[in-house]
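Chain and residue survey
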Amino acid sequence: MAVPLHPSTRWLDDLLGLFYPNLCYACDRNLPSGQSDPICLTCRYKLPQTDHHLHLENAFTERLWGRLELQTAAAFFQFVKDGRAQRLLYHLKYNGKQEVGRYIGKWYGEVLRSVPAYQSVEAIVPVPLHPRKEKMRGYNQADWFAKGLGESMDRPVVQALRRVVFTQTQTRMTRAERQVNVRQAFEPVAGVDLSGRHVLLVDDVVTTGATLEACGAELLRYSNLKLSMAAIAIAD
Ligand SMILES: [Zn+2]
């Protein structure tokens, strides 16, 4: 009896899809069966992209203005409450979907690598989580975004910082409390030298900018380091 060497499992995917449909991480609607992208076509078009990468100075750099010396900074999406970018970040941070961070990173990396201000980037540094928090979550979402950016931009991801102060969830704190809370939270990792390098510091979302500022200040201790930043989304 002839047995096909590579039996199609499409019927199995379709059958399982009836019970466990693959959902788009930005709108939670069913993806067409067989689609490997974690975001549907509609969301690819409708996710609210910023134009930060087209301007050296923009809403992101303005948020950190006067706080530390930046080459430039760009966030991919505008964070809108109950919007697509918020759903995406929910899945990335709280629902164990780290792969979506890498997917967004690859996508944004394709955008940034065509922009002169980002072509001189030599290393990508993710904002670290405290080891205890990373253990609880199982991963650092910024690592996965950095990984995707690194693949598209063909640059190494360097773990140059570590978080030494464990901070409880910051959502109930005032802006001033958060800044005090985070200011002393990071240290450079021994054995890494980024002197003279152009570094892209990356995080998932920019709110007050306090975390990025604290990490950036640590990186700027290296002599002649040039600092740029990238994030998945910026909140108002
Ligand atoms: Zn969608």
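As a starting point, this report considers the structure included with it. (Residues numbered from 1 in each chain as written. Predicted model: local features only at pLDDT ≥ 70, side-chain atom pairs only at ≥ 80, totals over all residues. Heavy atoms only, no water.)

**Overview of the overall build of the protein**
- Of regular secondary structure, the protein possesses 10 helices and 6 strands.
- For the protein, buried positions account for 46% of its 236 residues.
- Contacts in the protein between residues at least 24 apart in sequence constitute 75% of all its contacts with a sequence separation of at least 6.
- With the model as given, the accessible surface of the protein reaches about 13,100 Å², and the carbon-plus-sulfur share is 52%. (Helix = DSSP H or I, 4+ residues; strand = E, 2+ residues; numbered from the N terminus. Buried < 20%, exposed > 50% of the residue type's maximum accessible area, 1.4 Å probe, protein only. Contact = heavy atoms within 4.5 Å. Areas by Shrake-Rupley, 256 points an atom, 1.4 Å probe, with all protein chains shown as cover.)

**As for the side chain of Glu218**
- Position of Glu218 among the secondary structure elements: in helix 10 (residues 210-219).
- The contact partners of Glu218, leaving out residues within four places of it in the chain, are Leu161, Phe186, Glu187 and Pro188.

**Considering helix 5 (residues 99-112)**
- An ideal rise of 1.5 Å per residue puts 20 Å on 14 residues; helix 5 measures up with 20 Å between its terminal C-alpha atoms.
- Most of helix 5 sits out of view: 10 of its 14 residues are buried.
- Buried within helix 5 we find Val100, Gly101, Tyr103, Ile104, Gly105, Trp107, Tyr108, Gly109, Val111 and Leu112.
- Against the buried residues of helix 5 lie helix 2 (41-46), strand 1 (73-78), helix 4 (84-94), helix 6 (116-119), helix 8 (141-153) and strand 6 (226-234). (Expected span 1.5 Å × (residues − 1).)

**A closer look at the environment of Lys106**
- Relative to the assigned elements, Lys106 resides in helix 5.
- For Lys106 and Trp144, which are 38 residues apart along the polypeptide, the C-alpha to C-alpha distance reads 9.9 Å.

**What to know about the packing of aromatic side chains**
- This structure, assessed with the given rule, holds 6 aromatic pairs.
- An angle of 80° between the planes, with centres 5.0 Å apart, marks the rings of Phe76 and Trp107 as edge-to-face. Of this pair, Phe76 sits in strand 1 while Trp107 sits in helix 5, and the two are 31 residues apart along the sequence. Across the pair, Trp107 and Phe76 agree in class, each one buried.
- Clustering of aromatic rings is evident, with ring pairs tying together Phe76, Phe77, Tyr103, Trp107 and Tyr108.
- Its end group placed over the ring of Trp107, Arg44 keeps NZ or CZ at 3.9 Å from the ring centre.
- The positively charged end of Lys147 is found above the aromatic ring belonging to Trp144, 3.9 Å away from the centroid. (Phe/Tyr/Trp six-rings, centres within 6.5 Å; stacked < 30°, edge-to-face > 60°. Lys NZ or Arg CZ within 6 Å of the ring centre and 35° of its normal.)

**Concerning the coordination of the zinc ion**
- Donor atoms from the polypeptide that coordinate the zinc ion comprise Cys24 (SG), Cys27 (SG), Cys40 (SG) and Cys43 (SG), at 2.3 Å from the metal.
- Around the zinc ion sit 4 donor atoms; with metal-centred angles ranging over 105 to 114°, the donor geometry is tetrahedral.
- One chain supplies every donor for the zinc ion, spaced along it as C-x2-C-x12-C-x2-C. With a gap of 16 residues between them, Cys24 in the loop between helix 1 (10-19) and helix 2 and Cys40 in the loop between helix 1 and helix 2 connect regions that are remote in the sequence. As far as the burial class goes, Cys24 and Cys40 line up, both buried. (Donors = N, O, S within 2.8 Å, 3.2 Å for Na, K, Ca; no water. Tetrahedral: all angles 85-135°; square planar, octahedral: opposite > 155°, others 65-115°.)

**Side note on the sheet that holds strand 6**
- The strand order across the open sheet built from 4 strands is 1-6-5-2, with neighbouring strands paired in parallel fashion. Every other strand in the sheet has two partners, leaving strand 1 and strand 2 (123-126) as the edge strands with one partner each. Neighbour-to-neighbour, the strand axes of this sheet turn through a mean angle of 20°, independent of strand direction.
- Pairing of strand 1 with strand 6, which is carried by 5 bridges, proceeds in the parallel orientation. Counterpart to Phe77 in the pairing with strand 6 is Ala233.
- Contacts between helix 5 and the sheet are confined to strand 1 and strand 6, with strand 1 contributing the most and set at about 125° to the helix.
- With respect to the sheet, helix 8 is in contact with strand 2, strand 5 (198-206) and strand 6, its orientation differing from that of strand 5 by roughly 135°. (Pairing = 2+ DSSP bridges. Axes fitted to C-alpha atoms, helices over the stretch in contact; angles between N-to-C directions.)

**Some remarks on the pattern of salt bridges**
- Within this structure, the stated rule accounts for 8 salt bridges.
- Between Glu151 and Arg102 there is a salt bridge, with the nearest N and O atoms lying 2.8 Å from each other. In this pair, Glu151 is assigned in helix 8 and Arg102 in helix 5, connecting sequence segments 49 residues apart.
- By relative accessible area, Glu151 is classed as partly exposed at 36%.
- Where Arg197 meets Glu122, a salt bridge forms, and the shortest distance between an N and an O atom there is 3.0 Å. Remark: Glu122 occurs in the loop between helix 6 and strand 2 and Arg197 occurs in the loop between strand 4 (186-188) and strand 5; sequence separation between them is 75 residues.
- On the basis of relative accessibility, which here comes to 38%, the residue Arg197 falls in the partly exposed class.
- With a relative accessible area of 32%, Glu122 lands in the partly exposed category. (Salt bridge = Lys/Arg side-chain N within 4 Å of Asp/Glu carboxyl O.)

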